[in-house]
Amino acid sequence: VREILELKFAKTDQAKNFLYSEFATRRIREVKSLAGTSRQDLIQSTLEKYAGHLEKLNGNENLTAQLNALQEVFTKVGDPKAKRSIRLAIFRISEKFAAARPAACDFLVKEASSSALSEVEKYVYQERAKKCLTTNP
């Protein structure tokens with residue numbers, strides 16, 4: 001409710017963009033907090049909200065800190081759905097924000113060859129890694 005009110009009172013597009021960036025940062029902090037709990041199942045829904053904030057961002061924000069935080073959390077998470085959600089969030093960052101693309105692509109390439117993935121998952125992540133490396137925003 002607080003975030004809805006903050007957006008309602010933002011007078012300019014620049015102010016709204018700043019708020020979406022702040023909301024995305026909040027979701028990353030929530031994901032980091034959830035990674036250390038037994039409720040890692042909530043990471044997926046939190047990252048869906050994060051993706052919504054990313055979609056509303058305009059410009060070429062530097063999301064390197066968020067990307068680094070997601071990669072750090074990824075190593076600590078055991079829940080398979082949470083891991084998939086983190087990979088997807090990193091892919092979304094790579095699609096929209098050129099400044100974060102090299103680090104995101106490196107992560108996706110590494111993950112595409114992970115022995116922990118099924119053949120179908122490997123294929124999906126290999127395709128995402130290819131797209132990441134060849135896409136220009």
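In the block above lies the structure referred to throughout.
Chemist: Talk me through the packing of aromatic side chains; I want residue IDs and the actual numbers.
Modeler: This model, assessed by the stated rule, comprises 2 aromatic pairs. An angle of 90 degrees between the planes, with centres 6.3 Å apart, marks the rings of Y20 and F23 as edge-to-face. Of this pair, Y20 and F23 both sit in helix α2 (residues 13-35), 3 residues apart, which is roughly one turn of the helix. With relative accessibility at 1%, the residue F23 sits in the buried group.

Chemist: Please give an account of the packing of helix α4 (residues 64-76) against helix α6 (residues 101-112) that cites residues and values.
Modeler: For the pair α4 and α6, interaxial distance at closest approach is 10 Å and the crossing angle is 20 degrees. When the axis of α4 is compared with that of α6, the two are roughly parallel. The chirality of how α4 crosses α6 is left-handed. Residue-level inspection shows L67, Q71 and F74 of α4 in contact with α6, the latter providing A103, A104, F107 and E111.

Chemist: So what's going on with the environment of E3? Which residues, and what values?
Modeler: Within the element layout of this structure, E3 appears in helix α1 (residues 2-9). The exposure class of E3 is buried, given its relative accessible area of 19%. Here the alpha-carbon distance between E3 and E95, two residues 92 residues apart in the chain, equals 25 Å. In this structure, E3 is in contact with F23, R26, R27 and H53, ignoring residues within four places of it in sequence. Of note is the side chain of E3, whose polar atom sits 3.2 Å from the side chain of R26.

Chemist: Now, about the nonpolar core: what can you tell me, with residues and values included?
Modeler: Among the nonpolar cores identified, the biggest contains 36 residues, and I43, L47, Y50, L70, I86, I90 and I93 are the most heavily contacted of them. Among the secondary structure elements, those contributing two or more residues to this core are α2, α3 (43-56), α4, α5 (80-96), α6 and α7 (119-134). For this core, the element with the most residues is α2, which contributes 8 residues.

Thresholds, definitions, all that
Residues take numbers from 1 onward in each chain, read along the sequence in its written order. This being a predicted model, a pLDDT of at least 70 is required before a residue's local features are given, and a value of 80 or more before pairs of side-chain atoms are given or counted; all residues contribute to the totals for chains, interfaces and linings. The basis for the side-chain values is all heavy atoms of the structure; hydrogens and waters are excluded. The aromatic pairing rule takes the rings of Phe, Tyr and Trp, using the six-membered ring of Trp, and pairs them if the centres are within 6.5 Å, calling planes under 30 degrees apart stacked, those over 60 edge-to-face and the rest tilted. Each helix is a run of H or I in the DSSP string that is no shorter than four residues. Each strand is a run of E no shorter than two, and both are numbered from the N terminus. Exposure is judged per residue with a 1.4 Å probe applied to protein chains only, and the accessible area is read against the type maximum: over 50% gives exposed, under 20% gives buried, and values in between give partly exposed. Angles run from 0 to 180 degrees between N-to-C directions of axes, and those axes are lines fitted to C-alpha atoms, restricted for helices to the stretch in contact. Roughly parallel here means an angle under 35 degrees, roughly antiparallel means over 145, roughly perpendicular means 65 to 115, and every remaining angle is called oblique. Whether a crossing is left-handed or right-handed is set by the direction in which the near helix is turned from the far one by less than a right angle, anticlockwise for left-handed and clockwise for right-handed. We call two residues in contact when some of their heavy atoms are within 4.5 Å. Pairs of N or O atoms are called polar contacts if they sit within 3.5 Å, as long as, within protein, a hydrogen donor faces a hydrogen acceptor (for residues adjacent in sequence, only side-chain-to-side-chain pairs). Here, the term nonpolar core denotes a set of buried Ala, Val, Leu, Ile, Met, Phe, Trp, Tyr and Cys residues that are joined through side-chain atoms within 4.5 Å.

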